[in-house]
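Next come the chains, spelled out residue by residue.
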Amino acid sequence: MSGSLPTTFFEWLIFLWEKYYLDFLRGLGVTLELAVIGTILGCLIGFLVGIIRSVVVDPGSSRMSQVAMSVLKVILATYVEIFRGTPMMVQATVVYYGTMSLWGLDIPSFAAGVLVLSLNIGAYMSESVRGAIGGIDPGQIEGGQAIGMSYAQIMYHVIMPQVFKNLIPQIGNTFISAIKDTSVLNVIAVTELYFAAKSVAGTYYRFFETYFIICVIYFILTFTMSRLLRILGRALEGSRNYELIVDGEGNSEGTNV
Amino acid sequence: MSELILQVKHLKKSFGTHEVLKDIDFSVEKGEVISIIGSSGSGKSTLLRCINMLEIPTSGEILFEGAPVSYRPKDKNRFRSRVGMVFQSFNLFANMTALQNCMIGVQIVSKKSKQEAEARAQEYLKVVGMSAYRNARPAQLSGGQKQRVAIARALCMQPDLLLFDEPTSALDPEMVGEVLAVIRSLAESGITMVIVTHEMMFAKEISSRVVFMDSGIILEQGTPDQVFNHPQKERTREFLSRYRQG
């Protein structure tokens, strides 16, 4: 033995970082990858499910499509309730080991992790989407109907642009949560940041120092993201001004009162 | 030779056990300007909403140009593109400018080109005196301005019939005038209109026919002179006397 192992807390931090920083960074890479893919897929799922669950079935449409729609809504409601009502760590193990023992499928743990994270984010996001759609003044729907727009056209051109804009902060928050939530995927051996730390911690039995390091990494990551999102949010708000357009005839146009 | 645009036959509408419309018979001829008056809760707005299929009647029949209307989504949208509606609460699209509000229906419902939609939108924004505000969003406009844009949006569809559901009820007194002036100029231009309103002087002045509704039935109808100056029913006299005092 070299006998030159660190003795103080700070020495251990430096020692572990210098020795294992590549493992930490690799773990960080996987964490970010999971969070990005999970948030994108989760939002897609969330918007899809939220939109479908918000559909107001036209009483004038065929009986078949009305029944099909109710069945679909029940299925989606079940999905949302299950994924919101169970811990993600448990979902991860059930999906990972379940696919193996039920169908003999050996899906890579990273793929299982992405699947669980996306479905989890999708369930929560769909509820936000549903709430945001319900929060749009229903008068706008009638306004669209009154000029002959179909429900789909009203959703696409009028409702969803407003819903999406209102949900941008929510999507940012979801991404930040996803960064933290990926840590539970270590239970199915996804080699993300927490998993990397677990391996490092066991080598020298320095648990506090190792987890302190990733604690700092997680915080730097989420804090940077939340600042970036705030800047982005301000940029998206845009100008509140508009230009009056005075034509050749000035204000003398049309009906003046 | 007058031409019937719309016929409503034995229309009934209930919300739960509450019967809002009881056996309404009502028709609109081309070029008519009809005002529907009556106290709140008499069923005026519900009648208008049934005509535009925002409510489905409990029973009865609605004929448009002689043919019964169909509630199948496609037919319904085609019908609505020909029957415009202006709401009490404007119902403009919050994510679009005044110009875009007017263009969207022309583009995606009437399937016209962007250039044509824009030209038409400009034209009707000018009619309602809102051309200068074409790039403003609804949140940046006053109530009266919003309602004028909403009227332009309805006009852009070049409807055969235009329905107004209390177009000035959500406006403060100073803005009522600007909206009524627009509707008055439309009435003079010969567009067929049905207006639910509480503005009695206005109804008397611009209507070719006045319909008085009370508790879900049409109690009395006729020329403005008949209804306002020589009402036949006691209930009509009672209703009108409140406005005379005011």
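Refer to the structure presented above.
To keep things clear, this report deals only with the structure shown in the data block. (Residues numbered from 1 in each chain as written. Chains lettered and ligands numbered in written order. Predicted model: local features only at pLDDT ≥ 70, side-chain atom pairs only at ≥ 80, totals over all residues. Heavy atoms only, no water.)

Right, let's get into helix α6 (residues 151-181) of chain A. Compared with the 45 Å implied by 1.5 Å per residue over 31 residues, the 37 Å span of α6(A) between its first and last C-alpha is markedly short. In α6(A), a bend of some 45° at Ile159(A) exceeds every other bend along the element, and Pro161(A), a proline, comes one to four places later. (Helix = DSSP H or I, 4+ residues; strand = E, 2+ residues; numbered from the N terminus. Expected span 1.5 Å × (residues − 1). Bend = angle between axes of the 7 residues up to and from the residue.)

Now for the sheet that holds strand β4 (residues 59-64) of chain B. Residue and element names in this part refer to chain B. Taken in spatial order, the 4 strands make up an open sheet running β2-β1-β4-β5, and their pairing is antiparallel. The open sheet is flanked by β2 (18-29) and β5 (67-68), the only strands paired with a single partner. Where β4 and β5 come together, 2 bridges link them in antiparallel fashion. Its bridge partner being in β5, Phe 64 is matched across the sheet by Ala 67. Helix-sheet contacts for helix α1 (residues 44-51) involve β1 (4-15), β2 and β4, and the interaxial angle to β1 is about 120°. (Pairing = 2+ DSSP bridges. Contact = heavy atoms within 4.5 Å. Axes fitted to C-alpha atoms, helices over the stretch in contact; angles between N-to-C directions.)

Next up on the list: helix α7 (residues 193-204) of chain A. Residue and element names in this part refer to chain A. Counted at 1.5 Å a residue, the expected span for α7 with its 12 residues is 16 Å, and the 18 Å between its end C-alpha atoms agrees. Those residues of α7 hidden inside the fold are in contact with α1 (9-54) and α8 (207-237). Capping the start of α7 is the job of one residue whose side-chain oxygen sits 2.9 Å from the backbone nitrogen of Tyr 194: Glu 192. Directly after α7, the chain includes Tyr 205, whose backbone phi takes a positive value near 55°. (Polar contact = N/O pair within 3.5 Å; in protein donor to acceptor, adjacent residues only side chain to side chain.)

Here we take up the pattern of salt bridges. All told, the structure shown has 20 salt bridges over all chains when counted by the stated rule. A salt bridge links Arg120(B) to Glu116(B); the nearest nitrogen and oxygen atoms lie 4.0 Å apart. Linking Arg120(B) with Glu116(B), this pair stays in helix α4 (residues 114-127), spanning 4 residues, or about one helical turn. Taking relative accessible area as the criterion, Arg120(B) reaches 10% and is therefore assigned buried. Accessibility expressed as a relative area gives 37% for Glu116(B), which makes it partly exposed. Across the pair Glu238(B) and Arg242(B) runs a salt bridge, and its minimum N-O distance is 3.4 Å. Here the residue Glu238(B) and the residue Arg242(B) both occupy positions in helix α9 (residues 234-245), the gap between them amounting to 4 residues, near one helical turn. One continuous salt-bridge network, built from bridges that share partners, spans Arg53(A), Glu81(A), Arg84(A), Glu127(A) and Arg130(A). (Salt bridge = Lys/Arg side-chain N within 4 Å of Asp/Glu carboxyl O. Buried < 20%, exposed > 50% of the residue type's maximum accessible area, 1.4 Å probe, protein only.)

This part is about the interface of chain B and chain A. If you look at the interface, chain B gives 45 residues, while chain A gives 33 residues. A buried area of about 3,100 Å², summed over both sides, lies between chain B and chain A, and 58% of it is on carbon and sulfur atoms. Contact with chain A buries surface across chain B, with Phe93(B), Ile108(B) and Ala132(B) losing the most and accounting together for 17% of the total. The interface formed by chain B and chain A includes 2 salt bridges. When the shortest N-O distance is used, the salt bridge between Arg49(B) and Glu142(A) registers 2.5 Å. Summed over the shared surface of chain B and chain A, the number is 7 residue pairs in polar contact (both at pLDDT 80 or more). (Buried area = accessible area lost by both parts, 1.4 Å probe.)

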